[in-house]
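Listed below are the residues making up each chain.
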Amino acid sequence: MSKLWGSRFKKKTHPLVEQFTSSIAYDYKLAKYDLLVSIAHAQMLGKTKIIPSKDSAKIVQGLKSILKQVQENRFTFDRKCEDIHTNIQNALEKRIGKTAQRLHTARSRNDQVVTDLRMYAKEEIENLKLKIKSLQQTLVSFARKNIKVIIPGFTHLQHAQCVFLAHHLLAYVEMLQRDKDRLADAYKRCDVLPLGSAALAGTSLAINRNYVAKLLDFSKVSANSLDAVSDRDFVLEILADLSILAMHLSRMAEDFVLWAAPEFSLLELDDSFATGSSLMPQKKNPDVLELVRANAGATYGSLVSLLTTMKALPLAYNRDMQMDKLPLFNSAEDLNICLEVLSGLVNSAKINQNQALILSSDELLCATDLAEYLVKKGVAFKEAHKIVGKIIAYALQKKIFLSEISLDQWKKFSMHFKKGVYKLLNAHASVAAKKSFGGTSPQSVKRQLENWKKSLR
Ligand code: ARG
C-alpha cells in the first residue's frame with residue numbers, strides 16, 4: 001500500500017497502527033463525492049494554470065473512469081489503504097501514471113474530507129426529505145380512508161376526549177413537516193465549500209475557490225480556513241434534527257403498538273408487516289414498530305457520540321474528527337429505512353372501525369362537554385367542573401351510564417341542565433362541538449386534510 005505521506009519516517013508504520021488508524025472500512029462510502037471533488041479540483045488547477053492543462057485533462061479523464069467504475073459497483077476498494085482519499089489517489093496513479101501526482105496540489109485531506117462529507121450530507125438531506133414527505137402522504141391518505149372514524153383521545157394514556165382518527169394522524173404530519181423544515185434549514189449550513197482551505201491556513205497558490213464552488217454546486221465558499229477544516233457542527237445539526245425525527249417516529253410507532261394490542265384492537269397490521277413467534281404459534285407481533293421505536297436510541301447515541309468527540313478539541317483538524325462519519329452514515333441510513341418501512345406498514349394496515357365505535361362510546365369522554373354546557377349557561381368553569389365531577393361520581397357509584405340518569409336527578413346537580421343534555425353524550429356531538437381553530441371538528445379536520453393534500457402534492 002502506498003501512503004500519501006512517509007518520506008520523513010525512518011521506520012515502517014506498525015501494522016497495528018495501520019489497522020487502528022484506517023477508515024477505509026467506512027469512508028469508502030464517500031468515494032463518489034471524493035471523486036467529484038477531485039475532478040472539480042483538477043479542473044480548477046488546470047484553469048488557473050497551477051498545473052498544465054493537459055495534465056489537468058488527463059487527471060480528470062482518469063478520475064471520471066474511476067467514478068464510472070464506482071457508480072457501476074465495479075471498483076474494488078483496497079482495504080489496505082489508510083482511507084478513501086489514499087485509495088483513489090493510488091488507483092489514479094495506477095491508471096494514468098506520474099501525472100496523478102499533481103492532483104494533490106493546494107489541498108489537504110483535511111479540507112478534502114470535509115468537502116466530501118458536506119456533499120454526502122446535502123444529498124442525504126434531500127433523500128430524507130423525500131422519505132419524510134412520502135410518509136406524510138401515506139398518513140394523509142390513511143386519514144382520508146378512515147375519515148369518519150372517531151377514537152378516544154388520551155392524556156396520561158387515560159380516556160380524555162373524543163377526536164377524529166384523522167386528527168390524531170395529522171398531528172404526526174405536522175411534526176414531520178417541522179422535521180423536514182429543520183433538515184432544509186440544516187442544508188443551508190452544509191452548503192458551504194471548505195475546499196481550498198488546505199490543511200488549515202489556505203495556500204500560497206493562486207486557486208479559484210468560487211470556480212470549484214460553482215462546479216460542485218455549493219452556494220457559498222467558507223470565509224475562514226481554520227473554521228472550514230475544524231467545524232463539524234453541520235453534522236451535529238443533522239444528527240440533532242434526526243434525533244428529533246427519530247423521537248417522533250418512536251412516538252408514532254408506540255401509538256401503533258398500543259393500537260395493535262388486543263386491549264385496544266384498533267389497528268390490524270397486515271401480515272406482510274408483522275412477525276411471528278418461534279414458540280407461540282398464535283402470535284402476530286409488531287416487531288417492525290418496535291425496531292422503529294428503538295431506533296431513536298441509536299440516533300441519540302450518534303448525536304451524543306459526536307458531540308463528545310468534538311468537545312474541547314483544539315483548532316484545527318484532529319484525527320478525532322475521523323469519527324464523525326459512522327454516526328452520520330448510520331443515522332442517515334437508519335432513518336431512511338425507518339421512514340420507508342413505516343410508510344409501508346401504515347399503507348397496508350387496517351383500522352377496526354367497529355372497535356373505534358365501541359371505544360369512543362364511553363360517555364365519560366364527554367365530561368368536558370358537560371362542563372362547557374354549563375359555562376354556556378353562565379356557570380363559572382371551576383364551578384361547572386365541580387358539578388360534573390359530582391355527577392360522574394354519582395354514576396360510578398350507582399354503576400349506571402350518564403345517559404341513564406333521570407332529568408330530575410341532573411337538575412338536582414344544577415338547575416341549568418335541560419333535556420338537551422342527553423344529546424351531548426355521544427362521540428359525534430363531542431367532536432362536532434370542537435369548532436375552535438385547530439380543534440377536532442369535522443370542518444377543521446377537513447380543512448387540515450385539504451391543506452395537506454395541496455401542500456404535499
Ligand atoms: N481519514 C481522515 C478523516 O476522516 C482524513 C483526514 C486525515 N488527515 C490527516 N491529516 N491525518 O478525517
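The preceding data block contains the structure.
About the criteria used
Residues numbered from 1 in each chain as written. Predicted model: local features only at pLDDT ≥ 70, side-chain atom pairs only at ≥ 80, totals over all residues. Heavy atoms only, no water. Helix = DSSP H or I, 4+ residues; strand = E, 2+ residues; numbered from the N terminus. Rg over C-alpha atoms; globule rule 2.2 N^0.38 Å. Buried < 20%, exposed > 50% of the residue type's maximum accessible area, 1.4 Å probe, protein only. Contact = heavy atoms within 4.5 Å. Areas by Shrake-Rupley, 256 points an atom, 1.4 Å probe, with all protein chains shown as cover. Lys, Arg positive; Asp, Glu negative; His and termini not counted. Charge placed at Lys NZ, Arg CZ, Asp CG, Glu CD. Core = buried A, V, L, I, M, F, W, Y, C linked by side-chain atoms within 4.5 Å. Expected span 1.5 Å × (residues − 1). Axes fitted to C-alpha atoms, helices over the stretch in contact; angles between N-to-C directions. Parallel < 35°, antiparallel > 145°, perpendicular 65-115°, else oblique. Left-handed = near helix turned anticlockwise from the far one by under 90°. Nonpolar A, V, L, I, M, F, W, Y, C, P; charged D, E, K, R; others polar. Polar contact = N/O pair within 3.5 Å; in protein donor to acceptor, adjacent residues only side chain to side chain.

A. Spatial organisation of the overall build of the protein chain. Counting its secondary structure elements, the protein chain contains 18 helices and 6 strands. Whereas a compact globule of 457 residues would reach a radius of gyration of roughly 23 Å, the protein chain reaches 31 Å, over 25% beyond that. In terms of overall dimensions, the protein chain has C-alpha extents of about 100 × 55 × 40 Å along its principal axes. The burial tally for the protein chain puts 48% of its 457 residues in the buried class. Within the protein chain, contacts between residues separated by at least 24 positions form 76% of all contacts whose residues are at least 6 apart in sequence. Total accessible area on the protein chain is roughly 23,300 Å²; 56% of this is exposed by carbon and sulfur atoms. Averaging the positions of the 66 positive and the 46 negative side-chain charges in the protein chain gives two centres separated by 4 Å.

B. Local environment of the nonpolar core. With 111 residues, the main nonpolar core has L139, I238, L249, M252 and F256 as its most contacted residues. For M252, the contacting residues outside a window of four places in its chain are L135, L139, Y172, L176 and L342. Counting 19 residues, the second largest nonpolar core, distinct from the first, contains L370, I387, V388 and I391.

C. How the structure looks around helix α5 (residues 84-96). Compared with an ideal rise of 1.5 Å per residue, which puts 13 residues at 18 Å, α5 spans 18 Å between its outermost C-alpha atoms and is within 8% of the ideal. Packing partners of the buried residues in α5 comprise α2 (24-27), α3 (31-47), α4 (53-71) and α6 (109-145). Phi turns positive one or two residues past the end of α5, at G97, with a value near 80°.

D. Representation of the packing of helix α11 (residues 287-310) against helix α12 (residues 325-348). Where α11 meets α12, the closest approach of the two axes is 10 Å, and the angle between their N-to-C directions is 160°. Considering their axes alone, α11 and α12 lie roughly antiparallel with respect to each other. Between α11 and α12 lies a crossing of left-handed hand. Residues V288, L289, V292, N295, A298, T299, S302 and S305 of α11 form the contact with α12, whose participating residues are P327, S331, D334, L335, C338, V341, L342 and L345. Grouping the constituent residues of the contact of α11 with α12 by class yields 10 nonpolar, 5 polar and 1 charged.

E. View of the side chain of Q448. Summarising the element assignment, Q448 is placed in helix α18 (residues 442-455). Within polar-contact distance, the side chain of Q448 engages the side chain of H167 at 3.1 Å. In contact with Q448, other than residues within four places in its own chain, are H167, L170 and G439.

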